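So you can see what is in the structure, the chains are spelled out below.
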Amino acid sequence: LSLISLLPVLVNRLPLTADSLTYLIPIAGGLGTVVMQYPLALVSEKFGNRFTAYLSSTFGVILCSLIPFSLHSIIVSLILTFIGSGLVYFLYTISLAMLSERFKGGRLISANASFIVLFELSNLIGPVVAGAFLDKSLNYGLSIFLILIGTSYIMIAKIRDFQKAKKKYMVPDK
């Protein structure tokens, strides 16, 4: 949400960017979030949710962090926005699928409610923090914010995988 919300602001502040990007970028991002759901779901079915989540987050962060540097080219910035937004927003879909693998019944409802609360809090806080980064550095702020958030997500997921693997192979005490 931070990306789609703040890219038009960035376009308006930067010299030498096309004014049409102000309204085209949110459209490209919105279309990417819708159109890429089904193809990425097929990838997830073939390669597994966790692996697809890693790929989606890694490439989504890379592509989205490149958008501010491509604003001189309408086509390149729209393609990056479309694909990057689709990859990043797919994390919501795949996270719900992973929740349903882990929880059942009433626990799934509670887990889903908790997930939605955290997701919406990030939608409220993320653009504010990203805007502060943008104010500190017009050229690099948004990219730095996206990279920090994306790498944090990937690191937390890797730590959880490591903890799960360690727990699985631990020998119980007698």
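Going by the structure above, here's the rest.
Definitions and cut-offs
Residues numbered from 1 in each chain as written. Predicted model: local features only at pLDDT ≥ 70, side-chain atom pairs only at ≥ 80, totals over all residues. Heavy atoms only, no water. Helix = DSSP H or I, 4+ residues; strand = E, 2+ residues; numbered from the N terminus. Buried < 20%, exposed > 50% of the residue type's maximum accessible area, 1.4 Å probe, protein only. Contact = heavy atoms within 4.5 Å. Core = buried A, V, L, I, M, F, W, Y, C linked by side-chain atoms within 4.5 Å. Phe/Tyr/Trp six-rings, centres within 6.5 Å; stacked < 30°, edge-to-face > 60°. Lys NZ or Arg CZ within 6 Å of the ring centre and 35° of its normal. Axes fitted to C-alpha atoms, helices over the stretch in contact; angles between N-to-C directions. Parallel < 35°, antiparallel > 145°, perpendicular 65-115°, else oblique. Nonpolar A, V, L, I, M, F, W, Y, C, P; charged D, E, K, R; others polar.

### Considering the overall build of the chain
A count of helical and extended segments in the chain gives 7 helices and 0 strands. Walking the chain from its N terminus toward its C terminus, one meets helices and strands in the order α-α-α-α-α-α-α. Taken over 174 residues, the chain has a buried fraction of 37%. Taking the contacts inside the chain whose residues are at least 6 apart along the sequence as the reference set, 73% of them involve residues at least 24 apart.

### A closer look at the nonpolar core
Ranked by size, the top nonpolar core spans 19 residues in total, and within it Leu3, Leu7, Leu10, Ile25, Ile67, Leu71 and Leu142 carry the most contacts. Looking at this core, the elements with two or more residues in it are α1 (2-13), α2 (21-35), α5 (74-102), α6 (105-136) and α7 (141-169). When residues in this core are grouped by element, the largest group, 5 residues, is from α1. Residues Leu40, Ala53, Phe90 and Ile94 belong to the second largest nonpolar core, which totals 8 residues.

### Quick notes on the packing of aromatic side chains
Within the structure shown, the criterion is met by 6 aromatic pairs. Ring centres 5.8 Å apart and planes at 45° place the aromatic pair Phe69 and Tyr140 in the tilted group. Taken together, the positions of Phe69 in the loop between α4 (49-66) and α5 and Tyr140 in the loop between α6 and α7 put the pair 71 residues apart, joining distant regions of the chain. Residue classification places Phe69 among the partly exposed positions, given a relative accessible area of 42%. Members of the aromatic cluster, joined through ring pairs, are Tyr92, Phe115 and Phe119. Just above the ring of Tyr54 sits the side chain of Lys158; from NZ or CZ to the centre is 4.3 Å.

### Structural notes on the packing of α2 against helix α3 (residues 37-47)
Viewed as axis vectors pointing N to C, α2 and α3 meet at an angle of 40°, and their least axial separation amounts to 5 Å. Considering their axes alone, α2 and α3 lie oblique with respect to each other. On α3, the residues touching Thr33, Val34 and Val35 of α2 are Gln37, Tyr38 and Pro39. When its residues are assigned to classes, the contact of α2 with α3 shows 4 nonpolar, 2 polar and no charged.

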